[in-house]
Amino acid sequence: SFFFLHIYSCRLRRVSRSYIIVRLVAGSGAEPAQRVDVLEELKLGESFSGVLQVRGFHNQSRAFLFQDSWRNVRASAAVAEGLLQKLRGRIEFTLLLTLKQERLNSGVILSIHHSEQRFLELESSAPRNEIRLHYHTQDQRPHTEVFPYRLADDRWHKISVGVSSSHIVLHVDCSRIYERVVDTPAMDIPALSSVWLGQRNAAHGFYKGIMQDVQLVLMPQGHISQCPDLNRTCPTCNDFHGLVQKIMELQDLLAKTSSKLARAEEKMKSLDGCYCEKTCSLDGEVYREGDAWIDGCRNCTCSNGTVKCEAVYCPPLLCAPDTAPTYMPGACCKECQPSLSLSGHDFCAEGSSQICVENSECVNLEAGACCSCKDGFRSLRDDSAYCQDIDECAEGKHYCRENTVCVNTPGSFMCICHTGYIRIDDYSCTEHDECVTGQHDCDENALCFNTVGGHSCSCKPGFVGNGTVCRALCDGLCQNGGSCISPDTCICQQGFTGKRCETDIDECLDGFVECDSRATCVNLPGWYHCECRDGYHDNGMFSANGESCEDIDECEMERHSCANDTVCFNMDGSYDCRCPHGKNCSGDCVHDNKVKHNSQIWVLDSDRCSVCSCQNGLVMCRRMVCDCDNPTADLFCCPECDPRISSQCLHQNGVLTYSSGDSWVENCQQCQCLRGEVDCWPISCPPVQDCEFTAVPEGECCPRCVTNPCQANTISNDITKTCTDEHGISRFSGSTWTKHGTECILCQCKNGHVCCSVDPLCL
């Protein structure tokens with residue numbers, strides 16, 4: 001679910017993000033502080049045997065040929081620590097390089113490891129046509145992400161592997177080949193870890209070919225420095241995860257604050273016995289303990305923090321015969337006033353209404369006016385000038401019936417329906433059938449069942465879930481990113497077909513793709529790529545159909561081997577060595593500043609397993625063909641032809657040996673000896689179906705279903721399934737916290753289940 005939210009956030013933040021990225025990425029790439037040039041850091045070419053500086057893909061930086069199998073290209077302890085300090089804790093970085101890998105080679109491009117733990121390793125395998133990224137996850141599990149792609153084709157390629165939290169993007173030649181959501185890599189690399197280039201260690205994983213521009217870019221969208229014309233506006237997955245992390249931090253802060261508040265409340269209880277002067281508040285005025293005041297016609301006092309008011313005491317009046325006791329405006333008690341002999345007048349209009357104050361109204365009588373309390377109020381004194389509200393609910397003077405609750409209002413009351421009920425009239429309610437009215441939260445693929453005061457949801461047959469969210473169930477699951485949209489029905493992603501999306505569509509074979517004549521179509525799982533043919537290279541526009549492939553002028557770029565008076569003539573996709581009129585051209589060649597005669601064959605000084613020949617001024621080199629029936633075969637180049645020993649490959653432990661073609665399993669990896677080289681890849685495990693929690697038993701390689709979530713070491717976190725910690729705070733699935741009152745008990749939310757254990761690093 002994080003991945004789809006990331007895509008949505010990309011659209012919302014496209015404009016603001018583009019400004020930031022443009023500022024960060026300028027000129028040839030990222031700012032120097034955000035970029036590590038691995039070749040320069042290792043000072044390659046100065047002190048490493050088996051590595052030779054050669055002509056690269058371009059002339060702006062140095063390129064190096066990695067050859068032989070006795071080299072030891074390892075960063076010094078100081079250089080390695082400096083590089084690792086920049087990489088530690090990073091969840092967003094990009095590995096960039098330009099390479100030309102020999103055919104049939106399986107080798108490690110870059111390896112950062114400690115003992116047997118590979119924290120970051122990029123590997124290219126020709127026998128299986130794969131690119132592999134090895135790393136450690138945040139829960140300390142080794143993980144290998146495999147990208148089916150052929151790099152070892154003796155051609156130049158630009159490679160970009162971008163990591164952004166749980167998001168990995170692979171670009172090859174500025175084309176986005178793969179984009180995946182994976183277990184988040186953990187760059188908590190320990191001290192004394194080693195950094196190797198072109199090999200895994202001193203004995204295994206030797207890369208053979210040329211490398212150039214090997215860089216670590218420590219910022220998002222690092223591929224833009226290699227391919228500046230690509231989209232640079234979309235935010236990364238790390239942006240969204242950063243927001244989720246902030247929410248988790250706020251949750252943790254809230255939990256800690258709640259703990260402090262609980263301790264503060266305990267301290268407050270101990271202060272109850274202390275003297276503390278209490279105050280009273282009335283109509284915005286604050287009164288001290290013992291204060292007395294008059295409020296209208298009431299005498300009020302502040303006592304123990306509570307306001308107490310009583311009606312003003314009025315003494316009895318003895319009035320003369322021609323006078324009568326009458327309330328005067330502004331007075332609380334009656335006063336003797338002359339008797340009125342008039343009748344039929346509107347005494348209220350003449351000012352008598354002024355004596356009717358709170359919730360009271362003036363009423364005309366024959367001899368004068370009087371006050372009467374409004375409906376729902378009762379008098380505070382005998383003339384009804386001051387009246388207070390009657391609480392019909394408390395006194396039982398209401399008409400609310402079943403399924404309602406009475407709520408008092410000034411001068412009246414209301415009958416409120418219970419939850420799950422709807423109103424019939426002002427005083428009664430009946431049960432509400434949410435299923436009939438459609439006012440429910442059941443999924444469209446769920447059945448709604450009405451209950452007393454509510455409803456329940458249950459997924460329909462062929463769907464699974466909690467009723468509010470139901471997803472279709474497909475036997476065998478949908479492969480290659482396909483989506484199960486209805487029972488036993490998969491919708492495949494572009495490039496795949498089949499009932500379970502198990503079949504890759506070969507766009508090149510099926511005629512869906514028409515590449516330019518200067519390019520050839522290369523099929524990929526779910527995708528394709530128009531790759532420039534030999535003699536052509538991309539002009540930097542990287543068009544999808546290969547239109548950007550243009551001829552390489554080998555003559556101008558001096559990539560030809562014309563010699564001995566021959567003249568180089570460029571041709572479309574090639575070149576020709578021609579003899580000018582009047583010249584006696586021998587057809588000889590110049591190679592490594594040495595003259596080679598026409599038809600001469602020789603072995604390269606730098607690689608005894610490569611054979612070159614001079615053909616009419618053109619030098620052509622190829623790997624030596626192994627003929628095991630030939631008794632003079634070079635056993636160094638053809639170890640599979642050696643009849644005297646039973647194996648040609650050395651096991652990882654440095655003791656056992658294997659013959660070419662032998663296979664074995666080591667650390668949950670399938671390994672094979674091929675032409676003297678060892679290639680290993682992760683064991684293929686069958687899919688675990690209908691399983692929320694999985695674990696890999698000790699001594700095994702493939703996960704199995706477990707019912708106890710606390711035993712699971714692999715889980716797909718569902719942020720809708722939260723947990724409640726000991727403070728009542730809601731926690732997202734995947735979040736961790738230290739249990740209240742302890743220092744070494746670490747708890748984690750696993751899809752609604754709280755799992756706590758002792759943190760071994762704390763002991």
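Basis of the calculations
- Residues numbered from 1 in each chain as written.
- Predicted model: local features only at pLDDT ≥ 70, side-chain atom pairs only at ≥ 80, totals over all residues.
- Heavy atoms only, no water.
- Pairing = 2+ DSSP bridges.
- Helix = DSSP H or I, 4+ residues; strand = E, 2+ residues; numbered from the N terminus.
- Axes fitted to C-alpha atoms, helices over the stretch in contact; angles between N-to-C directions.
- Salt bridge = Lys/Arg side-chain N within 4 Å of Asp/Glu carboxyl O.
- Buried < 20%, exposed > 50% of the residue type's maximum accessible area, 1.4 Å probe, protein only.
- Disulfide = S-S within 2.5 Å.
- Polar contact = N/O pair within 3.5 Å; in protein donor to acceptor, adjacent residues only side chain to side chain.

Under an unreviewed UniProt entry, the name given to the chain is Neural EGFL like 2, and the organism recorded is Denticeps clupeoides.

K.L.:
Give me the sheet that holds strand 49 (residues 618-623): which residues, what numbers.
P.N.:
One open sheet accounts for three strands, arranged 47-48-49; its pairing is antiparallel. Here the strands that pair on one side only, and so sit at the sheet edges, are strand 47 (601-603) and strand 49. Going across the sheet, the axis of each strand differs from the next one's by a mean of 25°, ignoring polarity.

K.L.:
Kindly report on the pattern of salt bridges, identifying the contributing residues and their values.
P.N.:
Overall, the coordinates contain 24 salt bridges when judged by the stated rule. Among the ionic pairs, Glu179 bridges to Arg176, the shortest N-O distance being 3.0 Å. Put simply, Lys594 and Asp605 hold a salt bridge, and the shortest N to O gap is 3.6 Å. Taken together, the residues span a long stretch of sequence, with Lys594 in strand 46 (residues 594-596) and Asp605 in the loop between strand 47 and strand 48 (610-615) at a distance of eleven residues. You can call Lys594 partly exposed: its relative accessible area is 45%. Within the structure, one salt-bridge network assembled from shared partners comprises Arg118, Glu121, Glu123, Arg128, Glu130, Arg132, Arg200 and Asp679.

K.L.:
Break down the state of the cysteines for me, with residues and values.
P.N.:
The final tally for this structure, using the stated rule, is 25 disulfides. A disulfide bridge connects Cys348 with Cys362, and the sulfur atoms are separated by 2.0 Å. With the S-S bond torsion at -85°, the cross-link from Cys348 to Cys362 turns out left-handed. In this pair, Cys348 sits in the loop between strand 22 (335-338) and strand 23 (360-364) while Cys362 sits in strand 23, placing the two residues 14 residues apart along the sequence. On the basis of relative accessibility, which here comes to 14%, the residue Cys348 falls in the buried class. Looking at Cys362, the relative accessible area reads 21%, which means it is partly exposed. Note on cysteine connectivity: Cys747 is disulfide-linked to Cys756, with sulfurs 2.0 Å apart. In this structure, the disulfide formed by Cys747 and Cys756 twists by about 105° around the S-S bond and is classed as right-handed. What makes Cys756 partly exposed here is its relative accessible area of 40%. This cysteine, Cys370, is not joined by any disulfide, and Cys371 carries the nearest cysteine sulfur, 6.9 Å off. By relative accessible area, which is 28% here, Cys370 ends up partly exposed.

K.L.:
Kindly report on the pairing of strand 12 (residues 167-172), identifying the contributing residues and their values.
P.N.:
In terms of residue burial, strand 12 counts as a mostly covered element, since six of its six residues are buried. Burial along strand 12 is two-sided: His167, Val169 and His171 facing one way and Ile168, Leu170 and Val172 facing the other are all buried. Sheet topology note: the strand 11 (residues 156-164)/strand 12 ladder contains six bridges and is antiparallel. Looking at strand 12, one finds that Gly162 is bridged to Val169. Here strand 12 folds back onto strand 13 (residues 175-181), and the loop between the two strands holds two residues, one of which, Asp173, carries a positive phi near 55°.

K.L.:
Describe the side chain of Asp679, naming the residues involved and giving the relevant values.
P.N.:
Tracing the chain through its elements places Asp679 in strand 54 (residues 677-682). The exposure class of Asp679 is buried, given its relative accessible area of 3%. A polar contact of 2.8 Å, which involves the side chain of Asp679, links it to the side chain of Ser106. Here Ser125 takes part through its side chain, which lies 2.5 Å from a polar atom of the side chain of Asp679.

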